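What the coordinates show
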Amino acid sequence: MQINRAELEQLLKDLIQQESVVNTEGERQIAENIYAFLKQLPYFQNNPTHVELTETYLDKKWRYNVVAYVRGKVMENNDTVILMGHLDTVGTDDFGKHQSMATDPDKVKKVLQQKGTPQNVQAHASSQEWMFGRGSLDMKSGVASHLYILKYFSEHISELKGNVMLVITCDEEDSSHGIRSALKDIRRLKEREGFSYIAAVNSDYTSPRYEGDENRYIYVGTVGKLLPTFFVAGKETHVGQVFEGFDPNLMISELTKEIDYNPLLCDEWFGEWTLPPVTLKQTDLKPFYDVQTPLTAFVYYNFFVHSWSPKQVLQKLKVHADKAFRRAIEAYQDRYETYCKLSGDPYEPMQIQPRVYTFEEYYEWMTLTHGAAFEEEIGRRCKELANNSDIDIRQYACRMVEEIWKWDHTKNPVMILFYSNLYIPRIAISRDTPEGDRLMTAIEDAVEQVQPMYNKNIEIKQFFPYISDMSYVALSDDEESIMTLEKNLPTWGEAFRLNVEDIRALNVPVCNIGPYGFDAHKKHERVELTYSLETVPLLTYSVIRHLFAGS
């Protein structure tokens, strides 16, 4: 395969210049433009049903995915490789006064060549080896590579021993509506065309893993992400009688102290470690100012996993929450006692016992306590909140837990643990399965073949460390884990439901062979062109050829 670098650069530039910020009209327009680009290729003119512009399912936004496929020369071989990518980007507010030129690579480079730009960024802006602009790295360079490969195979059918399908999705940067919707299209085409999906190749961005890291990475499988969340209720009081209450902010601060950056909550597998959890939001739920202390609070944490299931994460966090609750009680008692010694007041503290529940445990307790009346009322409130477009899925989950807590007749302080966002599943690829071994062997062979053409080391790692659509093409969690997720996600079945059936119907090993660069989601976002537009498509092409060699 000979790469036409100039053609690929122009294709990338054309994609960057089309603003496609997630949840905006640009998302739909760029999908229409990509569809039009494919439709004018001779192969798709001769095979018009092989390219589709598909509207997303159950989506409040009007937007599309693009699905296209090229059948190989051996028509009876139904083995099919999926090329994945997303067309949306994050916003451009970070460009500040230069926001209007955020999607013009040449203008961005010119601005960044000026004084005041960090030295390394300025050097890249003065080089022909780098392209700047929103989406240049995440991930229009990956989309450009995949489009180029599909176009190449459409013109060289004799080199294709199976089939290649391209799936370009919207909404990767927000709620993954694109890939979750595309699963149904992939499943539909499998039934219509008889495809046998053997692997998926994503082309999301890669970056150095640490300062000074010169390696370029291919990832087999991906990290998973959960959003464990706590609804915390204390006991309110007047600020003139502070020790007659129990501040939920004290409880929640101890909780964050226990969880934030805690290396004991890093998940290791295959010798690779996740980053520790970190707080994404922490607040009390008091809506206005007065001199009453808050009654409730809310916090959620980013939580990466390699091997732990949603059930295991709940079990671990429940233990840490109990420790935090006990520390909050101890701090309250110690400080109250010290105050009484200073003031001469009698020391008569509240008797507080730590209460930590998972959502599943708490809901079952309320159901047993209050019966049908409770379930009917909660069901009604669930539907009301689901129809409220002014709250997001995390707020919705919190409100549902709060509605259930209102039925707690004890009114004692409590921590309730649940998930408040969609689960982004982990995927671990193993040589223990024929499919996993086939993909890993193809990647190793491709690296061996392409490495001599590139002067930086290309290294294969197990887990893609960022969130991506890769998570939705297979499941490494068993049915019990998914059931635990379902029972501890208050929004399940109303605001969100994981497409378990669609994912299991696909269930292919997946890897990421993506462009290389710096500062994704930042104003200095840039992509290295030689690796991203020459080496990456060659690697992907080679992996496809090696996969079909085993057919």
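Rules behind the numbers
Residues numbered from 1 in each chain as written. Predicted model: local features only at pLDDT ≥ 70, side-chain atom pairs only at ≥ 80, totals over all residues. Heavy atoms only, no water. Disulfide = S-S within 2.5 Å. Helix = DSSP H or I, 4+ residues; strand = E, 2+ residues; numbered from the N terminus. Buried < 20%, exposed > 50% of the residue type's maximum accessible area, 1.4 Å probe, protein only. Lys, Arg positive; Asp, Glu negative; His and termini not counted. Salt bridge = Lys/Arg side-chain N within 4 Å of Asp/Glu carboxyl O. Polar contact = N/O pair within 3.5 Å; in protein donor to acceptor, adjacent residues only side chain to side chain. Core = buried A, V, L, I, M, F, W, Y, C linked by side-chain atoms within 4.5 Å. Pairing = 2+ DSSP bridges. Contact = heavy atoms within 4.5 Å. Axes fitted to C-alpha atoms, helices over the stretch in contact; angles between N-to-C directions.

Turning our eyes to something else, we now look at the state of the cysteines. Here a disulfide denotes a covalent bond joining the sulfur atom of one cysteine to the sulfur atom of another. Inspection of the entire model under this criterion finds zero disulfides. No disulfide involves cysteine 382; its nearest neighbouring cysteine sulfur is the one of cysteine 398, lying 14 Å away.

With that settled, consider the side chain of aspartate 88. You can see aspartate 88 is positioned in the loop between strand S3 (79-86) and helix H4 (105-112). Although aspartate 88 is buried, it makes no salt bridge; arginine 63 carries the closest opposite charge, 6.6 Å away. Within polar-contact distance, the side chain of aspartate 88 engages the side chain of histidine 86 at 3.0 Å. At 2.9 Å, the side chain of aspartate 88 forms a polar contact with the backbone nitrogen of glutamate 173.

Moving on to the nonpolar core. Counting 144 residues, the largest nonpolar core has Ile34, Leu38, Phe230 and Phe246 as its most contacted members. One finds Leu227, Tyr357, Ile391 and Phe418 within the second-largest nonpolar core, a separate group that totals 24 residues.

This paragraph deals with the sheet that holds strand S19 (residues 526-528). With antiparallel pairing, the three strands of this open sheet are ordered in space as S4-S19-S18. The sheet is open, and its two edges are formed by strand S4 (130-132) and strand S18 (517-518), each paired on a single side. The pairing of S4 with S19 spans three bridges and is classified as antiparallel. Its bridge partner lying in S19, phenylalanine 132 is registered against arginine 526. Here helix H6 (residues 136-155) sits on the sheet in contact with S4, S18 and S19, set at roughly 45 degrees to S19.

Here we take up unusual backbone geometry. Note that the residue after aspartate 138, namely methionine 139, is joined by a cis bond; omega there is -15 degrees. Inspection of the secondary structure assignment puts methionine 139 in helix H6. The backbone phi angle of asparagine 23 is positive, close to 70 degrees, even though this residue is not glycine. Within the secondary structure, asparagine 23 is located in the loop between helix H1 (5-16) and helix H2 (25-39). Looking at asparagine 23, the relative accessible area reads 28%, which means it is partly exposed.

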